[in-house]
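One-letter residues, chain by chain:
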Protein chains: 2
Amino acid sequence: MARIVMKFGGTSVGDIERIQRAALRVKAESDAGHEIAVVVSAMSGETNRLVDLTRAAAPMHDAREYDTVVAAGEQVTIGLMSMALQDLGVNARSWLGWQLPIHTTDVHSAARITSIETGEVIRRFGEGQVAVVAGFQGMAPNGRITTLGRGGSDTSAVALAAALKADRCDIYTDVDGVYTTDPRIVPAARKLDKITYEEMLELASLGAKVLQTRSVELAMNHGVRVHVRSSFSDEPGTLVVDEEEIVEQQMVNGVTYAPNEAKITLRNVADKPGVSAGIFGPLADANINVDMIVQNVSEDGATTDLTFTVPRDSLDRTRKVLDGVRETLQWSDMTADPNVVKVSIVGVGMRSHVGVAKTMFQALAEKGINIQVITTSEIKVSVLIADEYTELAVRALHTAFELDAA
Amino acid sequence: MARIVMKFGGTSVGDIERIQRAALRVKAESDAGHEIAVVVSAMSGETNRLVDLTRAAAPMHDAREYDTVVAAGEQVTIGLMSMALQDLGVNARSWLGWQLPIHTTDVHSAARITSIETGEVIRRFGEGQVAVVAGFQGMAPNGRITTLGRGGSDTSAVALAAALKADRCDIYTDVDGVYTTDPRIVPAARKLDKITYEEMLELASLGAKVLQTRSVELAMNHGVRVHVRSSFSDEPGTLVVDEEEIVEQQMVNGVTYAPNEAKITLRNVADKPGVSAGIFGPLADANINVDMIVQNVSEDGATTDLTFTVPRDSLDRTRKVLDGVRETLQWSDMTADPNVVKVSIVGVGMRSHVGVAKTMFQALAEKGINIQVITTSEIKVSVLIADEYTELAVRALHTAFELDAA
């Protein structure tokens, strides 16, 4: 007997037939004697519909009212899922965020879960009851409905699994697992049987939209075993687990790319203390997410060149902010290049292998791809290149690190 | 300064533009210095959409889960209405049934309000805040969401007005008041400035679908002054008030008709104690709503004829139930006539006027309309006639009781 949290995303509960199919999966686990909590998202399209209504109602709106509106989506799904389960003879009941409750901070639309009361759900496990819990939502200390931000149902599921000390958190989604890279670019991409939390975090934050980043952090912090798998097949998916569970580490486990980057270069910036703060402080204040930063070594000891990347859709705002501080910082020239992509290799194995970066740079050089910026972390190497080389670079790296399927 | 509950039905909040127009009405009352609680329904069509989803999910479903699903409709509207009000500079916040809370019985899908906690809302009136409250929903003693049944938002509004000791409960709807009869049949129908609770009850239960019957009962019991008016015009509507407030009573204030009736006649039923119970008991058990009942005087002292009406769509079930008890009650013959209509005249004034029934019967006789069954109450006389005479009868009675507009 295991205790399992099963999470179904929007496409997995996109219509009544899909809800009924998901209910069959739940029934199978319940019939096998497991204790089951189901976490569901809103039916696909529903959250967007509700968000559009709020935008139409008022251009600037109260996040508390926004949360009240959009939380209605998951409310509908838990009721329908409970009905579908009952129709299959499964003892089930729905739980809204405020009913458990799932306590959160009061940062509406981006709330964080602070605690989940599970006593009643666990008591009902003893009576064979399946708990159907609304994802994405919780309750602020003052009793108002909060939401966790887009994709928050993954976080709800992992947090619930942690609170329930569940043996596993199964994330049912519309992909059948985590791949070594985007299969649309590299047909030889392989599904990974296991991946570490750290790798998953790098992949998630780089745009492999399988799991919300926060949910992976949470799983890592609480040691929740996450199983990413398809709602539409019975194949096993990818287990996201602790490093220790993976005996033989690959050097590199994934190649990923982040499009929609833009590169800014400032030439002849005064090379003195406080300059970086003078540039990146105002950008942070404007909520612009600066990613890669490279500062060239100063040649004359007086000025330096500074290159960094921002999201492409923040480019205009970035320019405006920089224009506002130019008078004090006095660079000679600002250039912007929106046609860049960040390509990364990820793997906890690179900690214990040397030469990973060298292999990467060689593989790119062999294809004649110029590297504009490099950044590294313990388990990742990223390069910024012209975006026209995206597919070529990803394929070359996937082959170079022996990730291609046999 | 007055305290006012303003209720907007589904068509009055049917899209964002209508919500914004309703918000303008609320702003006007709030700007005039009044304390305002707004009660809203789900956007028109939304409740039906949700009900259809529950039907598709499971043919027989848990009423608790049904309530969880359909209550989402009002949840969306309160958020949008609050946003629209804030956008107009009005201090407003939304309240779900469980947030106030609105306590109800646990009879899901047909719950009754037991009490409403208003302390916080009244405190916030003092800060100039408008309360936007979800109609139709409440919370059972065990903390689950309940709903009050279709049209329940009227009841929510009146109950809230009673709890708040409001000066008035304004029901904004898609008609501009209560008419002496159906204007589609009688173009000379007049809008009534005032009507008593008792009259409104008779009109509502007879199918003048302006106000839910339970809301009128509640208003009568708590002395809530209800103002039925149009969301789409600034004309005053109809005040539903205590009899004492109406100085000069009309003898008859309205002519109404209930289509979709069916008449059943049982001939030569044994005329002995327990026979009525033997017939109407099983019908009640089968949830069939028997309305008019007439028992002929027994000629031979041994058998009698019994005539009664049921809703037309219950006719088949009625026959089945009666077939089941025929063996014990042994009537000679059962006939059913689905082509009948109940036409009624309503007016508290008839209590103090004689000859009302006589005027009614004469008016119908003059048009050659045969009366099949008659029932009377203190403020109502109803006759059952062939439904092909519906319009003719309604027009004749409207004229006979001098209700035609000048």
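Keep in mind the model is a prediction, meaning the values are calculated, not measured.

**Re the overall build of chain A**
Okay, step 1: When helices and strands are counted, chain A shows twelve helices and 18 strands.
Okay, step 2: Radius of gyration (C-alpha) of chain A: 24 Å, near the 22 Å computed for a compact globule of 406 residues.
Okay, step 3: Overall, the C-alpha framework of chain A stretches about 75 × 55 × 30 Å when taken along its three principal axes.
Okay, step 4: Taking all 406 residues of chain A together, the buried fraction comes to 49%.
Okay, step 5: In chain A, of all internal contacts separated by at least 6 residues, the share reaching a separation of at least 24 is 76%.

**A short note on the sheet that holds strand β15 (residues 303-311) of chain A**
All names here are of chain A.
Okay, step 1: With respect to topology, six strands assemble into an open sheet ordered β14-β15-β13-β16-β18-β17, the strand pairing being antiparallel. In this open sheet, the two strands that pair with only one neighbour each are β14 (293-295) and β17 (373-377). Strand-to-strand twist across the sheet, computed as the mean angle between neighbouring axes with direction ignored, equals 25°.
Okay, step 2: Pairing geometry for strand β13 (residues 254-270) and β15, over eight bridges, is antiparallel. Bridging across to β15, E261 finds its partner in P311.

**Topic: the sheet that holds strand β3 (residues 92-95) of chain B**
Pairing between the strands of a sheet is mediated by backbone hydrogen bonds and can be parallel or antiparallel.
Residues and elements named next belong to chain B.
Okay, step 1: Across the sheet, which stays open at both edges, the eight strands sit in the order β3-β6-β2-β1-β9-β11-β12-β10 with mixed pairing between neighbours. Two strands bound the open sheet, and with one partner strand each, they are β3 and β10 (194-196). Geometrically, the sheet is characterised by an average inter-axis angle of 20° between neighbouring strands, direction not taken into account.
Okay, step 2: Bridge analysis of strand β1 (residues 3-8) against strand β9 (residues 168-173) gives five bridges, and the strand direction is parallel. Its bridge partner being in β9, I4 is matched across the sheet by R168.
Okay, step 3: Set on the sheet, helix α6 (residues 152-163) makes contact with β1, β2 (35-40), β6 (130-134), β9 and β11 (226-230); between it and β1 the angle comes to about 175°.

**Some thoughts on helix α9 (residues 275-285) of chain A**
Residues and elements named next belong to chain A.
Okay, step 1: Looking only at α9, the buried set comprises V275, I279 and L283. The buried residues of α9 occupy an angular sector of 40° when projected down its axis, which confines them to one face. In this structure, α9 carries A277 and D285 as exposed residues pointing more than 90 degrees from its buried face.
Okay, step 2: On the buried face of α9, the contacting elements are β13, β15 and α10 (315-329).
Okay, step 3: Trailing α9 by a residue or two, N287 shows a phi angle of about 65°, which is positive.

**Quick look at the domain arrangement of chain A**
Much of the literature gives interface size as the accessible area that the parts lose upon coming together.
Okay, step 1: When the domains of chain A are assigned, the result is domain 1 (3-174) and domain 2 (255-400).
Okay, step 2: For domain 1 of chain A and domain 2 of chain A, the distance between their C-alpha centroids amounts to 39 Å.

**Some thoughts on the nonpolar core**
Okay, step 1: Grouped together as the largest cluster of nonpolar side chains are 238 residues, with contacts concentrated most on A:V38, A:M81, B:V38 and B:M81.
Okay, step 2: Those residues in contact with A:M81 that sit more than four places away from it in its chain are A:V13, A:I19, A:A22, A:A23, A:V38, A:V40 and A:V132.
Okay, step 3: Membership of the second largest hydrophobic core comes to ten residues, among which are B:I264, B:V275, B:L306 and B:W331.

**A look at the interface of chain B and chain A**
Okay, step 1: Counting from both sides, the interface comprises 29 residues of chain B and, opposite them, 29 residues of chain A.
Okay, step 2: Among the secondary structure elements, those contributing two or more residues to the side of chain B that touches chain A are α1 (16-31), α2 (46-57), α3 (63-70) and α4 (72-87) of chain B.
Okay, step 3: Among the elements that make up the side of chain B that touches chain A, the one with the highest residue count is α4(B) (eleven residues).
Okay, step 4: Among the residues making up the side of chain B that touches chain A, the classes are represented as 16 nonpolar, ten polar and three charged.

**Side note on the packing of helix α3 (residues 63-70) of chain A against α4(B)**
Okay, step 1: Close contact between α3(A) and α4(B) brings their axes to 7 Å; oriented N to C, the two are set at 160°. As summarised for this structure, α3(A) and α4(B) are arranged roughly antiparallel, according to the angle between their axes. α4(B) is crossed by α3(A), and the crossing has left-handed handedness. Along its contact with α3(A), which presents A:E65, A:Y66, A:T68 and A:V69, the element α4(B) presents B:Q75, B:V76, B:I78, B:G79, B:L80, B:S82 and B:M83.
Okay, step 2: For the contact of α3(A) with α4(B), a count of residues per class yields six nonpolar, four polar and one charged.

**A short note on the relation of the copies chain B and chain A**
Okay, step 1: Taken as rigid bodies, chain B and chain A are interconverted by a rotation of 180° and an axial shift of 0.1 Å, the fit giving an RMSD of 0.1 Å. Viewed as a symmetry operation, the transformation between the two copies matches a two-fold axis. When C-alpha positions in chain B are compared against the rotation axis, the closest is assigned to B:A72, at 2.5 Å.
Okay, step 2: When the interface residues of chain B are mapped onto chain A, 100% of them are again interface residues, pointing to one common binding face.

**Here we look at the pairing of β9(B)**
All names here are of chain B.
Okay, step 1: Of all six residues that make up β9, five are buried, and the element is covered over most of its length.
Okay, step 2: Note: β9 against β11, five bridges, orientation parallel. Each bridged residue has a counterpart across the sheet, and for C169 the counterpart in β11 is V226.

**Regarding the confidence of the model for chain A**
Okay, step 1: For chain A, mean pLDDT is 91; residues scoring 70 or higher make up 98% of the total.
Okay, step 2: Across the predicted assembly, pTM comes out at 0.84 and ipTM at 0.82.

**Section: the packing of helix α2 (residues 46-57) of chain A against α3(A)**
Residue and element names in this part refer to chain A.
Okay, step 1: Taken N-terminus to C-terminus, the directions of α2 and α3 make an angle of 145°; their axes are 9 Å apart at the nearest point. The way α2 lies across α3 gives a crossing that is right-handed. Contact with α2, carried on its side by T47, L50, V51, L53 and T54, involves Y66, V69 and V70 of α3 and no other residues of that element.
Okay, step 2: Across the contact of α2 with α3, the residue classes break down as six nonpolar, two polar and no charged.

**Some details on α10(A)**
Okay, step 1: At A:D323, α10(A) is bent by approximately 35°, the largest bend along its length.
Okay, step 2: One or two positions beyond α10(A), positive phi appears at A:Q330, with a value near 55°.

**Regarding the pairing of strand β18 (residues 380-386) of chain A**
All names here are of chain A.
Okay, step 1: For β18, the tally of buried residues reaches six of seven residues, placing the bulk of the element in the interior.
Okay, step 2: Here strand β16 (residues 333-346) pairs with β18 via seven bridges, running antiparallel. By the bridge assignment, S344 is partnered in β18 with S382.
Okay, step 3: When β17 meets β18, the two strands line up antiparallel, connected through five bridges. Paired with V373 across the strands is L384, a residue of β18.
Okay, step 4: Hairpin geometry of β17 and β18 is characterised by an intervening segment of two residues between the two adjacent antiparallel strands.

**Quick look at the environment of B:S344**
Okay, step 1: Structurally, B:S344 can be placed in strand β16 (residues 333-346).
Okay, step 2: In this structure the C-alpha to C-alpha distance between B:S344 and B:L203, which are 141 residues apart in sequence, comes to 8.9 Å.

**Side note on unusual backbone geometry**
Residue and element names in this part refer to chain A.
Okay, step 1: Across the junction of L100 and P101, the peptide omega takes the value -10°, indicating a cis bond.
Okay, step 2: Mapped onto the elements, P101 comes out in the loop between β3 (92-95) and β4 (102-104).
Okay, step 3: Positive phi is not limited to glycine here, since E402 has a value of about 55°.
Okay, step 4: Mapping E402 onto the fold places it in the segment after α12 (390-400).

**As for the environment of B:G138**
Residue and element names in this part refer to chain B.
Okay, step 1: Within the fold, G138 resides in strand β7 (residues 137-139).
Okay, step 2: Residue G138 is classed as buried on the basis of its 31 C-beta neighbours within 10 Å.
Okay, step 3: Along the sequence, G138 and A161 sit 23 residues apart, while their C-alpha atoms lie 15 Å from each other.
Okay, step 4: Contacts of G138, omitting those with residues within four sequence positions, involve G97, I102, H103, T104, A111, I113, T146 and L148.

About the thresholds
- Residues numbered from 1 in each chain as written.
- Chains lettered and ligands numbered in written order.
- Predicted model: local features only at pLDDT ≥ 70, side-chain atom pairs only at ≥ 80, totals over all residues.
- Helix = DSSP H or I, 4+ residues; strand = E, 2+ residues; numbered from the N terminus.
- Rg over C-alpha atoms; globule rule 2.2 N^0.38 Å.
- Buried ≥ 20, exposed ≤ 12 C-beta atoms within 10 Å, placed from the backbone.
- Contact = placed C-beta atoms within 7 Å.
- Pairing = 2+ DSSP bridges.
- Axes fitted to C-alpha atoms, helices over the stretch in contact; angles between N-to-C directions.
- Arc of directions from axis to C-beta.
- Domains from an automatic or database assignment.
- Core = buried A, V, L, I, M, F, W, Y, C linked by C-beta atoms within 7 Å.
- Nonpolar A, V, L, I, M, F, W, Y, C, P; charged D, E, K, R; others polar.
- Parallel < 35°, antiparallel > 145°, perpendicular 65-115°, else oblique.
- Left-handed = near helix turned anticlockwise from the far one by under 90°.
- Least-squares fit on C-alpha atoms with pLDDT ≥ 70 in both.
- pLDDT = per-residue confidence, 0-100.
- Bend = angle between axes of the 7 residues up to and from the residue.

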